[in-house]
Amino acid sequence: MSERRGPVVVGVVLVALVLGSTMLGSAAGANSVTTAAVTQPGSALAAKKKVTKGTLKIVVTGSGSYTVKGKGFRRSGSASKSFKVKPGAYTVKAPSGLVDPGTVRVRKSKVSKIKVTFPAQMPAPAPSVTPSPLTTSAPSPSPSPTITPSPTVTPTPTDSMNPGETRRISVSGTGIEADDSTEFIDGWSPDGSQVLFHTRATNLVPGDTNGDWDIFAKSLTTGAILRVNTAADGTPSNDGATTAAWSPDGTRVAIGSSGDIVIKTLATGATEVISSGLQGWSDGPVWSPDGTRIVYDNLHAGQEQAVIQTLASGQRQTFPFPLGVWSPDSSKIAFSSTDSALVPSDTNGTSDVFVLTLSNGSIARVSTDSAGNQADQGSNEPKWSPDGTSIAFLSQARNLLAGDTNQAPDVYVKNLITGAIQRVSTDQDGVQGNGWTFDLDWSPDGESIAFSSYSSNLVLGDTNDSPDIFVKTLDTGSISRVSTGSSGSQADAGVSGGMLWSPNGTRIAFVSWATNLVTGDTNGKADVFVKRLR
């Protein structure tokens, strides 16, 4: 993460290829499910070290930050820059924006260009318009069975926070503030007592000298903090870690580290690399809700694929599209892709949201209007409702509902049973937002959705000219701003890096550059905060 340059603003990321680079996505066999052949790293990887490097050129318009990753390569920045890199696949990540398509192939002696454009450079939004009522559609993809998620660990209150209180948690065990920024929140422990996040701070625990991103678990009951990406004997990792996820029973953490997927058993410290034998860069592990499988992303030879690995047997299935999210019953995966061959009549030339049924490999598109008509602009970031009957997603489309004229990404909810679609990123009367919306998360009871937005017209008194986090109640339409101080005062800088509800629904964790949410915030860095809602 670069030094602070005002609130982090990450918008649409457009990737253009120059001089022979290729884009991700394979039309052939897009619906097939195959078991990946396990190959040992060998001459093909060794050969990469001998070839001439290529150039990865980042061209930035506007103000904001980005992260680029490849095998053995990770850089974050906020300005235009060229990198001399080894040939291979490189992907750009923008937690607060839209990435489409997001991956380029760098060849030796060639230039691949990534163009990063931030929201401030986008067309000004049109005046607010009240959207039409919901309607229903022709048959939609069959949803997962309606279920009530049953976590292995019962969520319990975690500390003595008062309703409305905001607390900074990216601090050391003695309360010393971090000396560098936090990039992203990785998750709550299933019992709600700890929060995982990754940061480049070096002063949260003793002996942090690797100068890279690390994963930390912060206890909200004791204040203790633990660096998770360590060896079994506690030896710090020489390389950084990029992503992490709690197991459903809370006993293990899956970590994306140095291009591998590592499972850490917290009680013993034992580690296991589960991506051994896969070439390329693996990252982004997500546990199935039943805890038997992990899905993760793999980039190799310019191709991105989702890998589903059964933990007991080690068996892998690969799918020719990016990483997705599990349905609550672990039977389906929702994902976004630009591949036009996944379903018939996909002619919009942009990213859509799809649902894969694992039992038979069938794929259905869900980012459509209530009559099943395709979106006219891109959709991504799907999230399942807790009961598996709906999917929320981000879309810049203007034709999913009448009256969408703000020329900005919005949050939509698609009912998989009726086909009805609802725009969520509106004020309490249904008036559309006047700014960009990014990130979303369902409340555990499925009654509300939290999202981040630049809109200043969703609640009264929003004058900070920065992105904030809002909570929208779906049935009543009521909306509130939650990225505020304990007294309700608005933040003096924006949020970034997403937000996550606690398992019992009483708190939201989020990342913010604000300096006035708690007293003594003088580090000038992005920090992790927890807001108690009730």
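Here the structure is a predicted model, which means the values were calculated and not measured. (Residues numbered from 1 in each chain as written. Predicted model: local features only at pLDDT ≥ 70, side-chain atom pairs only at ≥ 80, totals over all residues. Heavy atoms only, no water.)

### Description of the overall build of the chain
- Secondary structure assignment for the chain yields one helix and 38 strands.
- In the chain, buried positions account for 55% of the 534 residues.
- Across the chain, every contact between residues at least 6 apart in sequence was considered, and the portion connecting residues at least 24 apart equals 58%.
- Total accessible area computed for the chain in this model is approximately 20,400 Å², and 52% of it derives from carbon and sulfur atoms. (Helix = DSSP H or I, 4+ residues; strand = E, 2+ residues; numbered from the N terminus. Buried < 20%, exposed > 50% of the residue type's maximum accessible area, 1.4 Å probe, protein only. Contact = heavy atoms within 4.5 Å. Areas by Shrake-Rupley, 256 points an atom, 1.4 Å probe, with all protein chains shown as cover.)

### Some points on the sheet that holds strand β13 (residues 194-199)
- Within the open sheet, the four strands sit side by side as β12-β13-β14-β15. Their pairing is antiparallel. Among the strands making up the open sheet, the edge pair consists of β12 (182-188) and β15 (225-227). Between one strand axis and the next, the sheet turns by 25° as a mean value, whatever way the strands run.
- Pairing analysis gives five bridges linking β12 to β13, with the strands arranged antiparallel. Residue pairing across strands places G187 opposite L196, the latter belonging to β13. (Pairing = 2+ DSSP bridges. Axes fitted to C-alpha atoms, helices over the stretch in contact; angles between N-to-C directions.)

### Describing the sheet that holds strand β24 (residues 325-326)
- Pairing is antiparallel in the open sheet, where four strands are placed in the order β24-β25-β26-β27. The open sheet has two edge strands with one neighbour each: β24 and β27 (363-365).
- Alignment of strand β25 (residues 332-337) against strand β26 (residues 352-357), held across six bridges, turns out to be antiparallel. Looking across to β26, one finds that K332 is bridged to T357.

### Details of unusual backbone geometry
- Non-glycine residue E381 carries a positive phi angle of around 55°.
- A residue is classified by how much of its surface remains accessible, and E381, at 40% relative accessible area, is partly exposed.
- Of note, D439 is a non-glycine position whose phi angle comes to about 65°, a positive value.
- The residue D439 is located in strand β32 (residues 437-442) in this model.
- Judged by relative accessible area, D439 falls into the buried class, the value being 12%.

### A short note on the environment of S455
- Position of S455 among the secondary structure elements: in the loop between β33 (448-453) and β34 (468-473).
- Each C-alpha atom of the pair S455 and W436 lies 6.4 Å from the other, and the pair is 19 residues apart in sequence.
- If we ignore the near neighbours within four places in the chain, the residues touching S455 are G433, N434, G435, W436, D462 and F470.
- In this structure the side chain of S455 is engaged in a polar contact, spanning 3.2 Å, whose partner is the backbone nitrogen of N434. (Polar contact = N/O pair within 3.5 Å; in protein donor to acceptor, adjacent residues only side chain to side chain.)

### Topic: the nonpolar core
- If you look at the biggest cluster of nonpolar residues, it comprises 35 residues, and the most contacted ones within it are L204, I508, F510 and V530.
- Counting only elements with at least two residues in this core, the list comes to β12, β13, β34, β36 (495-501), β37 (507-512) and β38 (527-532).
- Counting residues per element, this core draws most heavily on β37, which supplies four residues.
- Those residues in contact with V530 that sit more than four places away from it in its chain are M161, E165, T166, R167, I169, W188, L220, R507, I508 and A509. (Core = buried A, V, L, I, M, F, W, Y, C linked by side-chain atoms within 4.5 Å.)

### Focus: the side chain of T243
- Relative to the elements of secondary structure, T243 occurs in strand β16 (residues 241-246).
- Residue classification places T243 among the buried residues on the basis of a relative accessible area of 19%.
- Only 3.1 Å separates the side chain of T243 from the backbone nitrogen of G284, close enough to count as a polar contact.
- With sequence-adjacent residues up to four places away left out, T243 is seen in contact with D186, I215, A254, I255, G256, D283, G284 and P285.

### What about the pattern of salt bridges?
- In this structure the tally under the stated criterion is 15 salt bridges.
- When the shortest N-O distance is used, the salt bridge between D346 and R365 registers 3.2 Å. Taken together, the residues span a long stretch of sequence, with D346 in the loop between β25 and β26 and R365 in strand β27 at a distance of 19 residues.
- The buried category is assigned to D346, whose relative accessible area is 8%.
- Ionic pairing is found between R481 and D462, a salt bridge with its closest N-O pair at 3.1 Å. Placement of R481 in strand β35 (residues 479-481) and of D462 in the loop between β33 and β34 is noted, with a sequence separation of 19 residues between them. Note on accessibility: R481 and D462 belong to one class, buried.
- A cluster of three or more residues bridged by salt bridges with shared partners is formed by R168, E177, D521 and D527. (Salt bridge = Lys/Arg side-chain N within 4 Å of Asp/Glu carboxyl O.)

### Things to note about the packing of aromatic side chains
- The tally for this structure, following the rule as stated, stands at eight aromatic pairs.
- Their ring planes at 5° and their centres at 3.8 Å tell us that F321 and F335 sit as a pair that is stacked. Here the residue F321 occupies a position in the loop between β23 (316-319) and β24, and F335 occupies one in strand β25, the gap between them amounting to 14 residues. For the pair F321 and F335, one class covers both residues: buried.
- Centre to centre, the rings of F335 and F354 are 5.6 Å apart; their planes meet at 25°, and the pair counts as stacked. In this pair, F335 sits in strand β25 while F354 sits in strand β26, placing the two residues 19 residues apart along the sequence.
- The buried category is assigned to F335, whose relative accessible area is 1%. (Phe/Tyr/Trp six-rings, centres within 6.5 Å; stacked < 30°, edge-to-face > 60°.)

### With respect to the pairing of strand β29 (residues 390-395)
- Burial runs high along β29: six of the six residues are buried.
- Alternating residues of β29 divide into S390, A392 and L394 and I391, F393 and S395, and every residue in both groups is buried.
- In this structure, strand β28 (residues 379-384) lies alongside β29, joined through four bridges in antiparallel fashion. When the bridges of β29 are listed, W384 appears paired with I391.
- Counting the residues in the hairpin turn of β28 and β29 gives five residues, including G388, whose phi is positive at 75°.
- When β29 meets strand β30 (residues 410-415), the two strands line up antiparallel, connected through six bridges.

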